[in-house]
Amino acid sequence: MKKQSRLKIVAASAILLSGFVILVLAMTKEESMRHFTPAALVADASSVDDQLVQVDGLIAEGSSQWDAVNFKLTFAVRDRETEATVNVIYEDRLKPDNFKDGGSVFVEGRYHAAQNLVVATKLMTKCASKYKGAESAVPTDETSYTSE
């Protein structure tokens, strides 16, 4: 009788453990995203159709349109090295303050290959001018301090 009880516990534990592993794998696959440049995404379009992707590049000049009434931002992300672009729709959220043509952008969303379109759920911009040209707070050899 004792042996049957142990066997039931081991079997129940194995079933629970395998169910947990299957659940974790399914959730990881659903939430995992591949990172692309626009050129790489266009090249691999058919293999990532209707999947979550991350794309970073530059906001293509003259491509952005902001509909403030409907909170809808549309633009194209241009590759840093080629002329390849990917279209983006970002809806139901505010436009970032530092969003401007030519600026650096990072987008997450679902890619639709037929329209070469990412329906974005996350949008981040970088403001390079904020960090360029800042003088260092660390003194150099040319800087001298005197006590008076």
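As shown above, the structure is provided for reference.
Cut-offs applied
- Every residue gets a number counted from 1 within its own chain, in the order that chain's sequence is written.
- Owing to the predicted nature of the model, reporting of local features is limited to residues with pLDDT of at least 70; listing and counting of side-chain atom pairs is limited to 80 or more, with chain, interface and lining totals taken over all residues.
- The side-chain quantities take in all heavy atoms of the structure and omit both hydrogens and water.
- We define a salt bridge as a contact between a side-chain nitrogen of Lys or Arg and a carboxyl oxygen of Asp or Glu at a distance within 4 Å.
- A run of DSSP states H or I qualifies as a helix once it reaches four residues; a run of E qualifies as a strand once it reaches two. Both are numbered from the N-terminal end.
- The rule is simple: take the accessible area with a 1.4 Å probe, protein chains only, and divide by the maximum for that residue type; under 20% is buried, over 50% is exposed, in between is partly exposed.
- Stacked, edge-to-face and tilted are the three classes for Phe, Tyr and Trp ring pairs, Trp counted by its six-membered ring, which pair at centre distances within 6.5 Å; planes under 30 degrees apart are stacked, over 60 edge-to-face, the rest tilted.
- The term polar contact refers here to a pair of N or O atoms within 3.5 Å; inside protein, the definition further demands a hydrogen-donor-capable atom paired with an acceptor-capable atom, and it admits residues adjacent in sequence only when both atoms are side-chain atoms.
- Contacts are assigned to residue pairs with any non-hydrogen atoms lying within 4.5 Å of each other.

Draft legend 1. Structural detail: the pattern of salt bridges. Taken as a whole, this structure holds two salt bridges when the rule is applied. With a closest N to O distance of 3.9 Å, aspartate 44 and arginine 34 form a salt bridge. With aspartate 44 in the loop between helix H2 (38-43) and strand S2 (52-59) and arginine 34 in strand S1 (residues 34-36), this residue pair connects regions lying ten residues apart in the sequence. Looking at arginine 34, the relative accessible area reads 43%, which means it is partly exposed. Aspartate 56 is paired through a salt bridge with arginine 80; the nearest N and O atoms lie 3.6 Å apart.

Draft legend 2. The arrangement of the packing of aromatic side chains in detail. Scanning the entire structure with this criterion turns up two aromatic pairs. Taking 6.3 Å as the distance between ring centres and 65 degrees as the angle between the ring planes, the aromatic pair formed by tryptophan 66 and phenylalanine 71 counts as edge-to-face. On the basis of relative accessibility, which here comes to 30%, the residue tryptophan 66 falls in the partly exposed class. Owing to a relative accessible area of 36%, phenylalanine 71 belongs among the partly exposed residues under this scheme. Geometrically, the ring pair formed by phenylalanine 75 and phenylalanine 99 is edge-to-face, given 4.9 Å between the ring centres and 70 degrees between the ring planes. On the criterion of sequence distance, the pair formed by phenylalanine 75 in strand S4 (residues 72-78) and phenylalanine 99 in the loop between strand S5 (85-91) and strand S6 (104-112) is long-range, its members being 24 residues apart. Looking at phenylalanine 75, the relative accessible area reads 3%, which means it is buried.

Draft legend 3. Structural context of the side chain of aspartate 79. As for its position among the elements, aspartate 79 is in the loop between S4 and S5. A distance of 2.9 Å separates a polar atom in the side chain of aspartate 79 from the backbone nitrogen of glutamate 81. Among the polar contacts listed, one links the side chain of aspartate 79 to the backbone nitrogen of threonine 82, at a separation of 3.2 Å. Leave out the neighbours within four places in its chain, and aspartate 79 touches Thr37, Pro38, Ala39 and Ala84.

Draft legend 4. Spotlight on the environment of leucine 123. Mapped onto the secondary structure, leucine 123 falls in strand S7 (residues 117-126). By relative accessible area, leucine 123 is classed as buried at 10%. Sequence separation between leucine 123 and valine 55 is 68 residues, and the spatial gap between their C-alpha atoms is 9.8 Å. Residue contacts for leucine 123: discarding those within four places in its chain leaves Leu73, Phe75, Tyr90, Pro96, Phe99, Val105, Phe106 and Val107.

Draft legend 5. Fine view of the environment of phenylalanine 75. Residues phenylalanine 75 and alanine 60, 15 residues apart in the sequence, show an inter-C-alpha distance of 7.3 Å. Contact partners of phenylalanine 75, with chain neighbours within four places excluded, come to Ile59, Ser63, Ser64, Val86, Asn87, Val88, Phe99, Val105, Val107 and Leu123.

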